[in-house]
Every structure is written in structure tokens, then in C-alpha cells.
Amino acid sequence: LAGTGVSANALHPGTVATPALEAASLAMADAVRRRDGRLIISFPPQEGKSTLADSLCVQQLATNPDTRILIASYGQDLAQEHGEMIRKHITDNSSWLGITIRRGKASATNWRLTNHRGGVYSVGIGGGTAGHPADLVIIDDPVKSRDEADSEVYRKRAWQWYLNDIVTRLSPGAAVILIQTRWHEKDLAGWLLEEQPGRWRNLRIPAQCDDPATDPLGRQLGEYMASAREGGRDWEDIKTQVGSRAWNALYQGRPSPDEGGLVKRDWWDRYAVPLWEVRDDGTHWVSGMDEVLISADLTFKGTESSDRVALGVFGRRGTE
């Protein structure tokens, strides 16, 4: 973990120290050093962000064994896995970390260090935190699926949980780090950035550079990030498979509104009777249009990495 003295590779052999993980780890180290540090990291899925979260917890406990850590995820099971993994890292490496797990009352979701008040409490989104003050809160992946992300009920539940169960547990000067794959413009990260402007540092690391001027990795336009997974990832193939909405949200960290960013759903009328006629050769023809627009996005390279050809024909009839 950059700047902390604890190596993620030492805890997770095989971890590839990519520029993205380096940037994220530096931001996390800075957040915990600051009083009331607030950090949001948006990252493509399966690129090592959970590894960083676990490593940060180990580092903090080794540096300050009195650090009380609360780690949360979308479900209790996943949060518990984090707690168990952090405990295992400490148990397996106690000789050089200089800390041990307190015996006796330690559980999978709530354990402490020997002779210190520091430890880890694991909780799922919506779970209670009463009686567990925190010097560091890490929320890793607060959204499980597209269904949850699209549910206004779930989103509001996550917001209220943060306000009522997280904010009220923070000790003076405590840091909060939210690490997530973005799903929806009003997911927890989006809501915090909107409701608390200027309070949070927002580190967005897209899979593909979309703005060289603000890219945290210093990439050129269109350049993909190096993958932390063995063998790398075929980003072009993923981009094609998941579609534009999932790519922009999960991989680029730029979720769009449900109704669309430029064309709103309620601008369109629906029809029950087909507007076209099918001719003998199988072609479909629409007549009576007042205006026709043809939009073409073409590629001529013919290589495997070339974008697909897109051609759209739009017609307007009347003024409404």
C-alpha cells in the first residue's frame, strides 16, 4: 500500500501493482492521515479495490493498534469476509506486523487486538452499528446488483443508513472511505457528492481514459488501464458485451440518468399500429415524413479492434 509501509503483494501474493492501484492506495493513505478525511474511489469491477481495502486495514492496525475500524459492504456475508480476511492476514503475519488477535470473545464480525482497543467490526448495508465507535470507516461495494441500483427504495435505505448508522458512530477526526463500482447517478457515491459538495475527494479511475486533462493516471484519450488480473483483460470485448449503459457506469464511473442524458423518455409517444409498409422484397418503408435525418458513424480500418459501423435514420412528422 503506497506510502504506508505495508505491501499489498506481501498480503496478497500475485497482486499486480498497476498505476490505478497505486493512485488509489496513495489517495487512501492521504485520507486516513487527514482529520475528517472523506474519499470516494470509483473503479471498474474485479480490479483489486477490495484487496486495497483489506491491506489498508492491516496497515492501520499495525501502525496504530488502537484504531477502531468499521468495514461495510452491501451484505453482511461480504462484510464478514472482509473482517475474516483482515484477521487472517494479521494472524499469518503477526511476527512482522507486531500485532495479534485477542483471544476469547472474538467473533467473525467483531474482533479486537491483544492489549489494544483497535479491531474490526463488519456490517452489511442497513445493519446496526450501535455500540461500535469508529476511527476509520471503509464502505466497499455498497451496491450488489443492477436491481438494487435501480431501486429508489434501496438507494434511500443506503442514504439513511449512512446518515443514521455511520455518521453517528464516527469518532472525532475519523476518516471515511467509500470504494465502489458506480451503478446509478444517485447511488451512495452520487448522493454524497450531490448532498455534500466539496466535502469529498472523488477519485474516478475509468477503464478507458475519456479526458486526458483530468485523468488520474496521465493517460492519452482512449487509452485503457492496465489490469490487476493475471493475463490482463480484453477491455474492447467487455465494452462490446456489456453495452453502453453498463460500460459508462460500471467501467467509466459515469452513470447516466434512467431517462437518458440528452433524450428524455417522456418526450416520446408510442404507437400501436405499425407506421411502415412491408414491400414484396421484404424492405420496410415509411412515408409522409416532413423531415428525415440520417446519422452515420463509420469505420474504414477493418481491423479487429475497429469500432462497429452505426447508421440511424430518423423521421419527423408534424410539429409535436
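A few points on the structure. Everything quoted here is computed from the prediction, not taken from an experiment.

How each quantity is defined
- Residues numbered from 1 in each chain as written.
- Predicted model: local features only at pLDDT ≥ 70, side-chain atom pairs only at ≥ 80, totals over all residues.
- Heavy atoms only, no water.
- Axes fitted to C-alpha atoms, helices over the stretch in contact; angles between N-to-C directions.
- Helix = DSSP H or I, 4+ residues; strand = E, 2+ residues; numbered from the N terminus.
- Parallel < 35°, antiparallel > 145°, perpendicular 65-115°, else oblique.
- Left-handed = near helix turned anticlockwise from the far one by under 90°.
- Contact = heavy atoms within 4.5 Å.
- Nonpolar A, V, L, I, M, F, W, Y, C, P; charged D, E, K, R; others polar.
- Salt bridge = Lys/Arg side-chain N within 4 Å of Asp/Glu carboxyl O.
- Buried < 20%, exposed > 50% of the residue type's maximum accessible area, 1.4 Å probe, protein only.

1. Things to note about the packing of helix α3 (residues 49-63) against helix α4 (residues 76-92)
So, step 1. Two elements in contact, α3 and α4, have axes separated by 10 Å at closest approach and are oriented at 50°. One finds that α3 runs oblique with respect to α4. In terms of crossing hand, the pair formed by α3 and α4 is right-handed. The residues of α4 that touch α3, namely those facing Ser50, Asp54, Cys57, Val58 and Leu61, are His82, Met85, Ile86, His89 and Ile90.
So, step 2. A breakdown of the residues in the contact of α3 with α4 according to their chemical character gives six nonpolar, three polar and one charged.

2. Digging into the pattern of salt bridges
So, step 1. Under the definition given, this model contains 13 salt bridges.
So, step 2. A salt bridge links Asp135 to Arg68; the nearest nitrogen and oxygen atoms lie 3.0 Å apart. Of this pair, Asp135 sits in strand β5 (residues 134-140) while Arg68 sits in strand β2 (residues 68-73), and the two are 67 residues apart along the sequence.
So, step 3. Residues Asp215 and Arg219 are paired through a salt bridge, measuring 2.8 Å at the closest nitrogen-oxygen approach.
So, step 4. On the basis of relative accessible area, Arg219 is assigned to the buried category, the value being 5%.

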